[in-house]
Amino acid sequence: MSLPHARNLIDGQWHDGHATGTSLAAATGRPLGTYADAGAVTARAAIDAARSAFTTTSWSRDHTARSRALAEFADRMAARHSELAALLSQENGKRLPEAEGEIGAAIAKLRYHAALALTDTGRAAETVPGNYSFTLHQPAGVAAVIVPWNSPAILAVRSLAPALAAGCTAAMKMPAQTALTNGLLYEIIAETEALPPGVVNAFTESGNTGAPLLVSDPGTDVISYTGSTTVGRVIMAQAAQHLKACSLELGGKTPMIVCDDADLDAAVPVLTAAVTTFAGQFCMAGSRILVQRGIADTLRTRMTAALDAVVVGPGDEPATTMGPVIDRAAAQRIDALVAGASAYGTVLVRGGLLNPQGEDAYLRPSLVEVEDPAAPLVQQEVFGPVATFEVFDDEDDAVRRANATEFGLAASVWSSDVDRPLRLAARLDAGTVWINNWGITYDQFEEGGLKQSGVGRLNGARGLAEFQEIKHVVHTVRVG
């Protein structure tokens, strides 16, 4: 039986790349299929096709057509929900329920933006007698979308849906680590009859020639990138050459602040999930546990037991509570970071490679207690199932520690006091703060980071605005 082959979608046509790559199962490292590996040539074609569709079709002006296309896109994704989730679980490694949740959330996001496409928030007024002003929200043009491998379906849609709802066309680069999942998404896009050819152009790339062209080429007008802070800085610098707008959701080191009056029965399972969901490969992963001194011994014992009990295995096994990381190289990198942390911290849960001599990407979760917030494991985004354990004395100390990194994507506060979480939330450098919870987002509420965790916002009305320009029109009425 031959393995599947995924191709790239440019101007409504299937394209091969300059090379053929092999997609590997995260759990085993074994081949799942092949894909057309694209680069600068394909990116150039994607930009040109998107530009042509923007200037020669009515897409940018037809709100109803955009709403209809996004709704159909959602319907077609829903029809292949199980197929997409199973493939994502195999290729990316996340547990099947997590993959199913990702696809379901992507479908809901498409439906939300189908409705948002019909919403116009322009203003009008007679500024002085006989003079009328109004604003038009117009699409920015061609959107360059660059998608990471950790949650490719939802993060592609999170940028693509508002771009399309706003009236932009798109050139989208997706990661080689999820090439077959990407290819299935491209098939769904191609099957969406209400999407004119060239409105969405998408390619998979293992190298780094296509994505930089999307950023630097004058044929794109706005950039939406999800990924590391390091790459985000490079993108912003390149985009500055043409003064392009950027929407960047970057790294995070989410502090999970557990006060001495917290309900630990409620907190411990969520803290554990915050470390292990998607094997910790999540920009909002709860990678820092900050606990008040009075309950530190109790929480230390309970978190150690909870992380030791995590069952690492294949994503499609019902007993599995955490799947593999993306590949063997990532597992080895993360394991080395934990090993090095013993020089400045106390390793409470060593975790480590499940099979040190194997080829798989199974990695047990780790927990390291540190005193100094300047410690490398606190300051660096690990992007794996590793958390630090830090003890604080009072609210001022909690805030000082929580804000001690360059990141500001998210935070969580646990307390049974009605006022304390809100006091802390107001002082935390974070774009999202959860109270007695973690990991919840809503399509209608904006999401993004402070400090080095990014610029701009996605979701909500602000997400649409990231892909729009505002035009002021002035009309003076003739007298007589």
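Above this note sits the structure.
None of these values were measured; they are calculated from a predicted model.

Participant: Explain the environment of Ala-279 here, please?
Facilitator: Position of Ala-279 among the secondary structure elements: in the loop between α9 (264–276) and β14 (288–292). Its relative accessible area of 2% is what places Ala-279 among the buried residues. Sequence spacing of Ala-279 and Thr-192 is 87 residues, and the spatial spacing of their C-alpha atoms is 33 Å. In this structure Ala-279 touches Met-322, Gly-323, Pro-324, Val-325, Gly-384 and Pro-385, once residues within four positions along its chain are discounted.

Participant: Before we go on, may I ask you to explain a nonpolar patch on the surface in this structure?
Facilitator: Residues Ile-440, Tyr-442 and Phe-445 make up a contiguous nonpolar surface patch of roughly 320 Å² in combined accessible area. Looking at the element boundaries, Tyr-442 is found in the loop between β22 (432–435) and β23 (450–451).

Participant: Even after reading the chapter, I still don't get the pattern of salt bridges, so can you show me in this structure?
Facilitator: Opposite charge on two side chains permits them to pair, given that their charged atoms come into close proximity. One pass over the structure, following the stated rule, counts 32 salt bridges. Among the ionic pairs, Asp-265 bridges to Arg-302, the shortest N-O distance being 3.0 Å. With Asp-265 in helix α9 and Arg-302 in helix α10 (residues 296–308), the pair connects residues that are 37 residues apart, well separated along the chain. Judged by relative accessible area, which is 55%, Asp-265 ranks as exposed. Take Arg-302: its relative accessible area is 32%, and that puts it in the partly exposed class.

Participant: I keep staring at the packing of aromatic side chains and nothing clicks. Help me out?
Facilitator: Working definition: an aromatic ring pair is given by the centre-to-centre distance plus the angle between the planes. Tallying each qualifying case throughout the model produces four aromatic pairs. For the ring pair Trp-149 and Phe-383, a centre distance of 5.6 Å and an interplane angle of 85 degrees mean the geometry is edge-to-face. Of this pair, Trp-149 sits in the loop between β8 (142–146) and α5 (152–166) while Phe-383 sits in the loop between α12 (376–379) and β19 (386–392), placing them 234 residues apart in sequence. Residue class for Trp-149 comes out buried when judged on its relative accessible area of 18%. Look at Phe-282 and Trp-438: their rings are 5.8 Å apart centre to centre, the planes differ by 80 degrees, and that puts the pair in the edge-to-face class.

Participant: Would you mind showing me how to read α10 here?
Facilitator: Structural remark: α-helix, 3.6 residues per turn; residues separated by three or four positions point the same way. The terminal C-alpha atoms of α10 lie 18 Å apart, and with 13 residues this matches the ideal 18 Å at 1.5 Å per residue to within 8%. Regarding α10, the residues found buried are Ala-296, Leu-299, Arg-300, Met-303, Thr-304 and Leu-307. Axial view of α10: buried residues confined to an arc of 135 degrees, hence all on one face. Turned more than 90 degrees away from the buried face of α10, the exposed residues are Asp-297, Thr-301 and Asp-308. Residues of α10 that are buried sit in contact with β13 (255–258), α9, β14, β15 (346–349), β18 (366–369) and β19.

Rules used throughout
- Residues numbered from 1 in each chain as written.
- Predicted model: local features only at pLDDT ≥ 70, side-chain atom pairs only at ≥ 80, totals over all residues.
- Heavy atoms only, no water.
- Helix = DSSP H or I, 4+ residues; strand = E, 2+ residues; numbered from the N terminus.
- Buried < 20%, exposed > 50% of the residue type's maximum accessible area, 1.4 Å probe, protein only.
- Contact = heavy atoms within 4.5 Å.
- Patch = residues over 30% accessible without salt bridge, like charges linked within 9 Å, V, L, I, M, F, W, Y side chains within 5 Å.
- Areas by Shrake-Rupley, 256 points an atom, 1.4 Å probe, with all protein chains shown as cover.
- Salt bridge = Lys/Arg side-chain N within 4 Å of Asp/Glu carboxyl O.
- Phe/Tyr/Trp six-rings, centres within 6.5 Å; stacked < 30°, edge-to-face > 60°.
- Expected span 1.5 Å × (residues − 1).
- Arc of directions from axis to C-beta.

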